[in-house]
Amino acid sequence: MGQVGSDNSKSGEEQCKFGILTDTNTAMDVWHTIKDNQVIKNLIPMPLDTPVHPDKVRFVCISDTHSNGKSLEKIPEGDVFIHAGDFTRIGKVQEVEDFNHFLGTLPHRHKIVIAGNHEVTFDEKFFSMSGSLKSNSHLSKEMMENCRIALEKKNKSKMSDLLTKCLYLQDSETVVYGLRIYGSPWQPEFHSWGFNCKRGEDIMKKWNKIPEGIDVLVTHGPPLGRGDICVSERHEGCADLLTTVQQRVRPKFHIFGHIHEGRDLDLNPDEGFSSDGVTTYINASLLDRSYKAKYPPVIFDIPLPPGMTKEC
């Protein structure tokens, strides 16, 4: 096994090429078609007490904490903190404010956050200051109206405005220490939660927004076949995201969560950490399927680009 953060030198020519997942195919159907041509190198996470080096950018990654305070107790030091979504149970104002307070206690110079499907109130199709409120099976209209009233009292126009202690990314990118980071909250349809898209052309429109040349890609949902086996023992990752990552974007690292069981050794032999020879894939979920704190954060290093220092 290699180590997360180690050099991935294998050519991407061995990677499988496949097309858009249509509504008539399941993720499992596609996986059975492509798995024999996938390069999967299992990795061992870096020890959390690994010293931070002056010539390398230390990334500290977590996901799926769901307002569970215990999961946030031991965050390693580093330069860039990333949360890959589902930091609340259901996107209530108090949950978001509590998370924002937690962010303010972190010493990391850069803090980057994306939403997940549980941040229902971050998804404009459910919640809009200017449009009508739409209830779903998770949030009643009364509950969402209470969120709207709370935002008005705080003079905020949208839920993400409550995140004042980080940079919130939603189909957008930022550059830190000369490294490009892109964040996106979408995943294939999952009940009636937020940021859902139909597999195939609908979700591919979201992935087509990801520019080439990204160093660290952060999505809430996993790509197909990488830390995505759920309790039903089925792959639930997005084939179109895997296509985008392997055939076009080719980032150094891809961080995600969503499938808590993706870090369960009994279900996922790679425990959520693998490489295809070009990209290192990391499932950074901290809670197990019962929403109990179980897994540690994940850290990795990227060398500073030439001419860059940590003072930049």
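Residues numbered from 1 in each chain as written. Predicted model: local features only at pLDDT ≥ 70, side-chain atom pairs only at ≥ 80, totals over all residues. Heavy atoms only, no water.

Asks: Report on the confidence of the model for the chain, specifying residues and quantitative values.
Replies: Across the chain, the average pLDDT comes to 88, with 88% of residues at or above 70. A low-confidence stretch, residues 6-18 stays under pLDDT 50, and its non-local contacts, those more than four residues away or across chains, total 31 contacts. (pLDDT = per-residue confidence, 0-100. Contact = heavy atoms within 4.5 Å.)

Asks: Explain the sheet that holds strand S4 (residues 80-83) residue by residue, including any values.
Replies: Pairing is mixed across the open sheet formed by five strands, whose spatial order is S6-S5-S4-S3-S15. The open sheet is flanked by strand S6 (167-168) and strand S15 (298-303), the only strands paired with a single partner. In the packing of helix H2 (residues 93-105) onto the sheet, contacts are made with S4 and strand S5 (110-113), and the angle to S5 comes to roughly 155°. (Pairing = 2+ DSSP bridges. Helix = DSSP H or I, 4+ residues; strand = E, 2+ residues; numbered from the N terminus. Axes fitted to C-alpha atoms, helices over the stretch in contact; angles between N-to-C directions.)

Asks: So what's going on with the pairing of strand S7 (residues 172-176)? Residues and values would help.
Replies: With five bridges joining them, S7 and strand S8 (residues 179-184) adopt antiparallel strand pairing. Residue Ser-172 lies in a different strand from S8, and its bridge partner there is Gly-183. Here S7 folds back onto S8 in antiparallel fashion, the turn holding two residues, of which Tyr-177 has a positive phi close to 50°.

Asks: Which residues make up the pairing of S5, and what values go with them?
Replies: Summarising the sheet, S4 and S5 pair through four bridges and their orientation is parallel. Residue Val-80 lies in a different strand from S5, and its bridge partner there is His-110. Of the crossover connections in this fold, the one passing from S4 over H2 to the parallel S5 is right-handed. (Right-handed = clockwise from strand over helix to strand, strands pointing away.)

Asks: So what's going on with the pattern of salt bridges? Residues and values would help.
Replies: This structure, assessed with the given rule, holds ten salt bridges. Where Glu-173 meets Arg-180, a salt bridge forms, and the shortest distance between an N and an O atom there is 2.9 Å. Using a relative accessible area of 33% as the deciding quantity, one classes Glu-173 as partly exposed. Residue classification places Arg-180 among the partly exposed positions, given a relative accessible area of 24%. A salt bridge links Arg-199 to Glu-236; the shortest N-O distance between them is 3.8 Å. One end of the pair, Arg-199, is in the loop between strand S10 (196-197) and helix H4 (201-207); the other, Glu-236, is in the loop between strand S11 (216-219) and helix H5 (239-249), and 37 residues separate them in sequence. A relative accessible area of 18% places Arg-199 in the buried class. Three or more residues are tied together by salt bridges with common partners; here these are Glu-145, Arg-148 and Glu-152. (Salt bridge = Lys/Arg side-chain N within 4 Å of Asp/Glu carboxyl O. Buried < 20%, exposed > 50% of the residue type's maximum accessible area, 1.4 Å probe, protein only.)

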